[in-house]
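# Structural description and commentary
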Amino acid sequence: MQNKGIIKLFALLFGLVSIYQLSFTFKANQIEDEAKQAAIAKYDETVDGYHDLRIQEEINYLDSLKTSKVQVGDKYEPIEVYNLLGVSQYTYNEVENNAMKLGLDLKGGINAIIQISVKDILKGLANNSKDPVFNKALADAEELQKDAQEPYLESFFRAFDAIKGDTKLASPDIFATRDLIDDIKLDMSDDEVKGILEKKIDESIVSAFEVLRNRIDGFGVSSPNIQRLGNSGRILIELPGARDKKRVVDIITKTAQLQFWETYKAEEMLPYVFQVNQAMVEAAKDKDGEGEVADTTEEEVDQDSTKSTIDELTGQIETDTTNVADINPLGIQGPGGGPMIASFLAKDKERVLEALNAPKNRALLPAEMRYAKFVWEKQDKDSEFSNLYAIKSNRDGVPPLSGAVITDARQDFDELSRPAVSMQMNPQGAREWQEMTKKANQENGYIAIVLDNILYSAPSVRNQPEGIAGGRSQISGAFTLNEAVDLANVLRAGKLPASAEIVQADEVGPSLGQEAIDSGMMSFLIALAFVVLWMIFYYGKAGAFADVALLLNILLIFGVLASLGAVLTLPGIAGIVLTIGISVDANVLIFERIREELAKGKSQKESIKDGFSNALSSILDANITTGLTALILFLFGTGPIKGFATTLIIGILTSLFTAIFITRLLIDWWVNRGGTLDFSTAMTKGLFKNVNINFLKKRKMAYVISGALILASLGSLFTTGLDQGIDFVGGRTYQVRFEQPVSTEEITSVLNDPNVFGSAEVKTIGAANQLKISTKYRVEDNSVEADEEVQTRLFEALKPYLPDGMTYEEFDNGSDEAKIGKMLSSKVSPTIADDIKKSSFWAVLGSLVVVFLYILFRFKKWQFSLGAVAAVFHDVLIVLGIFSLTWKFMPFSMEIDQAFIAAILTVIGYSLNDTVVVFDRIREYLNEHTSWEFGKTINASLNSTLSRTLNTSVTTLVVLLAMFIFGAESLRGLLFALIVGVVVGTYSSMFIATPLMYDTAKKGDAAESLKKKVKEEDEE
């Protein structure tokens, strides 16, 4: 093998980089364990609510590592938590960002697909027009959406065109309004207006996306993911580790609150802050028995004492710095200026607001300031400090001006070429804005721009004695370019009210996630152990070399996943374990070819060289076909299924590298130092050597058996059907765990009561004390209220079967460590379900078309493509049929969902893998044995690949069985489909694909044509 040095260097560097990347994961796990132990040490089980207190303590511990800084010289720098060999130092934020990202099903948490209402945006653009044509088009568009794959806007355009008559989109009663006067003119055609509306809708969705992203960034979970899904107005939000469902729902569904307020100045509000600080000092003294009780609700705090504290805090007198907490319990880091009152440590924000808003402290405020509201400035991500402001609120909390008046906002530059934001308001807003800015100018005041209770800017108004007229203004400040762009997006977000609905959601409890990790690791280790031992048993020392390559392959897979920031999911672990099963396929192909060359009497070195060379074509073809199906799965899949496809694609690439290059390096090293390799053991030597099965003679029997299985499958599919999960039909599903085994019939009867759901489906999932409950009750309603009602009804109905005294909160949280109650919940709206069903159909069909074309390209004859695709159809139909025939009585869930589609596509890839290896051998034999009859060539090819076929199938099957028996309950259906698929796929490659190719090639002397074609190619 040439270029050994380069390959060794590449393998070494690749391995070191993988270890480096994975080291962050080990360090992050170590820190999280330390946080958990610190929480356990602080709150033992005798403390009321100890579990929640421990969780909060863990969060505080980790947050302190993120936000706290230490003084290094004259600078404050983040705390170093990881020192890598004394060469590189990393903060906890850096460690967390580089660690392996765990998906929802492994870490617990919440993910959701949010639908931004394009209908609401259109109504807002039309100023809630009463035009009957416009409103009927909106209603008709909703009906069209039930059966359409197109975006809502396209449905609206179709509906409007169908009924518009003489009405135009540019009508003053629809979109040619004063707010859109700069964009839409009365003389514009509908096509011109459509282009503008598409742009406006896209801007609104981008703005909503920015608002959601800002909210999620402040939520505090690790590795949140938010992404827009195409042009549909849907936004995917994934929050691994999130536990407060109500808070998440509130954050991602509430309407953005953009507000403009007058602010208090620092000199007006700072005395109150110091008074509260002094009150806390006095309260602490009283607690320690060192002073009188300060009755702050009735009397003012002593002014001399307050002044003394101010002097100490502002450096006017020397203090004992070791007792800062005694004189500064509020944690004031420094007084502000202008509208900024003071700065505090970011980690103290909640504690500061709690103190400032405490009723006994607010009594200290003058009467005219009693409605003051404290807000934090948008925090610089590189700072550990937060700045506090106070706005002049009122009894009703209604701002003088809201974001509804903003018609446009753009990133701009001020007169000094600094990033700024320009904005435009509607006429009503322009008048109010002029009054606000006039007042601010006269009083040397400031105007706060607040979004979702976060202050983005508090500009002053200078050189504008009459205020800012016309509704056009510019906000300047210490913005970076990106901050100015973000603020412009935020301002635009407030101009149109657009509701957000959760159309698909999954919630996984942390205990279920940990169980998934444990079961996944167990199945992984068992599968790995079997494959390692089997390769040594079958191929001896050569098998040990293949095992070394396999272990490196696993290291590289995890290293690549970590370095790419890919999210590891439960199906992703299944993808890795499956990769273990099929990754040895390349080595099996190589070793079998070497054994053939040795049997021909060639020397060891020559046999190894020819074996690797001859196997390369089959290895590449087999892996490319599997890779193509995995790629389609990646493109069409979402969430965990995309994770499955990601690991499968990475596994295929790393497997090729390790099998072809690393195994070869190890074998060459052994042979060059004088070692011998038989590529077999005493028990396996000569196995399958003299096998001579007449496969073609048995093809008619195979056709009859397959025909009967297909007919039975089709009959069952048309009569019994499939157990479609909520992914395909919509609805809500809950996985509930009980203390004792329960009867599914009894629970079904309870839930089917008209006063509960009227209709529900109940199945045992795993142990007898765990049920999967699905219902379509209020399936069309995606509101938060509907979600809460359904879950409350479920709790009330199941209460007699739950432990006495269990509260709704305990049920909702899976009863924490007791692991009783709701462990998982999912929701899919009918619209999303329809989209998933259609995309799944196109994914399967697309994979078949792509594979047909690839095989046609590689083998140049349609007979090969026909045989391969027919075998795949055969395999898919039988898998579907077995699911249809058995789902009613199997002791595990056999729902047809996105995971099942992943299984079907994997079966397609595996079946093709087998078939392509056989076809490659047929093509080779056609060239080598030109005098043989076509049938003899086919049979010889099948017999020569039998050892490889059975070896790969057995290892893959055992791996799948290990996962099926010891893995997570939620993967049983997927694994069962794969097990059936491997068995049927192995059978079909020998008895369906190849015989069909043979039967179609015989006609019209196609067999001779195939021989000549192959010979010509090899001569070239």
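Residues numbered from 1 in each chain as written. Predicted model: local features only at pLDDT ≥ 70, side-chain atom pairs only at ≥ 80, totals over all residues. Heavy atoms only, no water.

## Quick word on the overall build of the chain
Counting its secondary structure elements, the chain contains 33 helices and 25 strands. Residues classed as buried in the chain amount to 53% of the 1020 residues present. Across the chain, contacts joining residues at least 24 apart in sequence account for 73% of those joining residues at least 6 apart. A total accessible area of about 46,000 Å² is found for the chain, and carbon and sulfur atoms account for 55% of it. (Helix = DSSP H or I, 4+ residues; strand = E, 2+ residues; numbered from the N terminus. Buried < 20%, exposed > 50% of the residue type's maximum accessible area, 1.4 Å probe, protein only. Contact = heavy atoms within 4.5 Å. Areas by Shrake-Rupley, 256 points an atom, 1.4 Å probe, with all protein chains shown as cover.)

## Re the nonpolar core
Phe591, Ile667, Ile855, Phe900 and Ile908 are the most contacted members of the largest nonpolar core, which has 133 residues in total. If you tally residues by element for this core, the top one is helix H29 (residues 898-928), at 17 residues. Those residues in contact with Phe591 that lie beyond four places of it in its chain are Met535, Tyr539, Ala542, Gly543, Ala546, Thr663, Ile667 and Phe679. One finds Ile110, Ala112, Tyr152 and Phe157 within the second-largest nonpolar core, a separate group that totals 47 residues. (Core = buried A, V, L, I, M, F, W, Y, C linked by side-chain atoms within 4.5 Å.)

## What about the packing of helix H28 (residues 862-886) against H29?
Contact geometry of H28 with H29 gives a least axis separation of 10 Å together with a crossing angle of 145°. In this structure, H28 crosses over H29, and the sense of that crossing is right-handed. Within the contact between the two elements, H28 uses Phe864, Ala868, Val872, Asp875, Val876, Val879, Leu880 and Phe883 and H29 uses Phe900, Ile904, Val907, Ile908, Ser911, Leu912, Thr915 and Phe919. (Axes fitted to C-alpha atoms, helices over the stretch in contact; angles between N-to-C directions. Left-handed = near helix turned anticlockwise from the far one by under 90°.)

## Examining helix H27 (residues 830-859)
Over its 30 residues, H27 runs 44 Å from end to end, which matches the ideal 44 Å to within 8%, given 1.5 Å per residue. Backbone geometry just downstream of H27 places Lys860 in the positive-phi region, at approximately 65°. (Expected span 1.5 Å × (residues − 1).)

## Structural notes on the packing of aromatic side chains
The description of two aromatic rings rests on the distance between their centres and on the angle between their planes. Overall, the coordinates contain 35 aromatic pairs when judged by the stated rule. Ring plane angle 45° and centroid distance 5.9 Å describe the contact between Phe657 and Phe661, whose orientation is recorded as tilted. With Phe657 and Phe661 both in helix H21 (residues 640-672) and 4 residues apart, this pair spans about one turn of that helix. You can call Phe657 buried: its relative accessible area is 13%. Residue class for Phe661 comes out partly exposed when judged on its relative accessible area of 31%. An aromatic cluster is built from Phe530, Trp534, Phe537, Tyr538, Tyr539, Phe591 and Phe679, whose rings are joined through pairwise contacts. Its guanidinium or amino end placed over the ring of Phe964, Arg972 lies 5.6 Å from that ring's centre, counting from NZ or CZ. (Phe/Tyr/Trp six-rings, centres within 6.5 Å; stacked < 30°, edge-to-face > 60°. Lys NZ or Arg CZ within 6 Å of the ring centre and 35° of its normal.)

## What to know about the pairing of strand E6 (residues 109-116)
With 8 of 8 residues buried, E6 lies mostly within the body of the structure. Both faces of E6 are covered, namely the face carrying Gly109, Asn111, Ile113 and Gln115 and the face carrying Ile110, Ala112, Ile114 and Ile116. Pairing of E6 with strand E8 (residues 234-240) involves 7 bridges; the strand directions are antiparallel. Paired with Ile113 across the strands is Leu236, a residue of E8. (Pairing = 2+ DSSP bridges.)

## Remarks on the sheet that holds strand E25 (residues 821-828)
Taken together, 8 strands build an open sheet; the order of strands is E7-E8-E6-E20-E25-E22-E24-E23 and the sheet is antiparallel. The sheet is open, and its two borders are formed by strand E7 (225-229) and strand E23 (760-764), each paired with just one other strand. Between one strand axis and the next, the sheet turns by 20° as a mean value, whatever way the strands run. Across 5 bridges, E7 lies against E8 in antiparallel orientation. Its bridge partner being in E8, Leu229 is matched across the sheet by Arg234. Where helix H24 (residues 744-751) meets the sheet, its contacts fall on E23 and strand E24 (770-775), and the angle it forms with E23 comes to roughly 160°.

## Some thoughts on helix H22 (residues 699-719)
Compared with the 30 Å implied by 1.5 Å per residue over 21 residues, the 30 Å span of H22 between its first and last C-alpha is a close match. Regarding H22, the residues found buried are Arg699, Ala702, Ser706, Ser713 and Ser716. Axial view of H22: buried residues confined to an arc of 125°, hence all on one face. Exposed positions of H22 whose direction lies more than 90 degrees from the buried face are Lys700, Met701, Val704, Leu711, Phe718 and Thr719. (Arc of directions from axis to C-beta.)

## Looking at the side chain of Glu57
Take Glu57: it is sitting in helix H2 (residues 50-67). At a separation of 3.4 Å, a polar atom in the side chain of Glu57 contacts the side chain of Lys42. Each residue touching Glu57, except ones within four places of it in the same chain, is listed here: Ala39, Lys42 and Tyr43. (Polar contact = N/O pair within 3.5 Å; in protein donor to acceptor, adjacent residues only side chain to side chain.)

## Observations regarding the sheet that holds strand E18 (residues 454-457)
Ordered in space as E10-E11-E13-E12-E18-E17-E9-E14, the 8 strands form an open sheet in which the pairing is mixed. The two strands at the open ends of the sheet, each matched to only one other strand, are strand E10 (332-337) and strand E14 (401-402). Pairing geometry for strand E9 (residues 258-262) and strand E17 (residues 447-451), over 5 bridges, is antiparallel. When the sheet's bridge partners are listed, Glu262 is paired in E17 with Ile447. This element, helix H13 (residues 349-356), spans strand E11 (340-345), strand E12 (373-377) and strand E13 (385-391) of the sheet and lies at about 165° to E12. Strand contacts of helix H15 (residues 427-442): E9, E14 and E17, with the helix running at about 30° to E9, the strand carrying the most contacts.

## A word on the environment of Ser207
Positionally, Ser207 belongs in helix H8 (residues 190-217). Spatially, the C-alpha atom of Ser207 lies 8.8 Å from that of Ala488, the residues being 281 residues apart in sequence.

## Quick look at the environment of Glu282
Its location among the elements puts Glu282 in helix H10 (residues 266-287). For the pair Glu282 and Asp326, spaced 44 residues apart in sequence, the C-alpha to C-alpha distance is 9.6 Å. Here Gln278 takes part through its side chain, which lies 2.8 Å from a polar atom of the side chain of Glu282.

## A short note on the pattern of salt bridges
Pairing between side chains becomes possible if they bear opposite charge and their charged atoms approach one another. Evaluation of the coordinates by the stated rule reveals 37 salt bridges. We note a salt bridge from Glu142 to Lys119, for which the minimum N-O separation is 3.2 Å. Placement of Glu142 in helix H6 (residues 132-145) and of Lys119 in helix H5 (residues 118-125) is noted, with a sequence separation of 23 residues between them. The class of Glu142 is partly exposed, set by a relative accessible area of 40%. (Salt bridge = Lys/Arg side-chain N within 4 Å of Asp/Glu carboxyl O.)

## Here's the deal with the confidence of the model for the chain
Mean pLDDT for the chain: 82, with 88% of residues reaching 70 or above. Taking the mean pLDDT of every element in the chain, the minimum, 47, falls on helix H11 (residues 303-313) and the maximum, 94, on H22. Note on residues 312-322: pLDDT is under 50 here. Beyond four places in sequence and across chains, it has 11 contacts. (pLDDT = per-residue confidence, 0-100.)

## Structural notes on unusual backbone geometry
Phi at Asn127 is positive, roughly 55°, even though this residue is not glycine. Counting through the fold element by element, Asn127 comes out in the loop between H5 and H6. Look at Asn444: it is not a glycine, yet its phi comes out positive at around 50°. The topology assignment puts Asn444 in the loop between H15 and E17.

## What to know about the pairing of E11
The buried count for E11 comes to 6 of 6 residues, which makes it a mostly enclosed element. Counted between consecutive antiparallel strands, the loop separating E10 from E11 contains 2 residues, among which Gly338 sits at a positive phi close to 65°. As paired elements, E11 and E13 share 5 bridges and run antiparallel to each other. Looking at E13, one finds that Leu345 is bridged to Phe385.

## Details of the packing of H29 against helix H31 (residues 946-966)
Following both chains from N to C, one finds H29 and H31 inclined at 160°, their axes separated by 11 Å at the closest point. On the basis of the axis angle, H29 is roughly antiparallel to H31. Crossing of H29 against H31: the hand is right-handed. Judged by residue contacts, Tyr910, Asn913, Asp914 and Val917 of H29 engage Arg948, Thr949, Thr952, Ser953 and Thr956 from H31. (Parallel < 35°, antiparallel > 145°, perpendicular 65-115°, else oblique.)

## Here we look at a nonpolar patch on the surface
Where nonpolar side chains cluster on the molecular surface, the patch consists of Leu631, Leu635, Phe636, Phe841, Trp842, Leu845, Val849 and Leu853 and spans about 790 Å² of accessible area. If you list the elements that add at least two residues to the nonpolar patch, you get helix H20 (604-636) and H27. Of note, Leu845 is situated in helix H27. Relative accessible area serves as the criterion here: at 31%, Leu845 is assigned to the partly exposed category. (Patch = residues over 30% accessible without salt bridge, like charges linked within 9 Å, V, L, I, M, F, W, Y side chains within 5 Å.)

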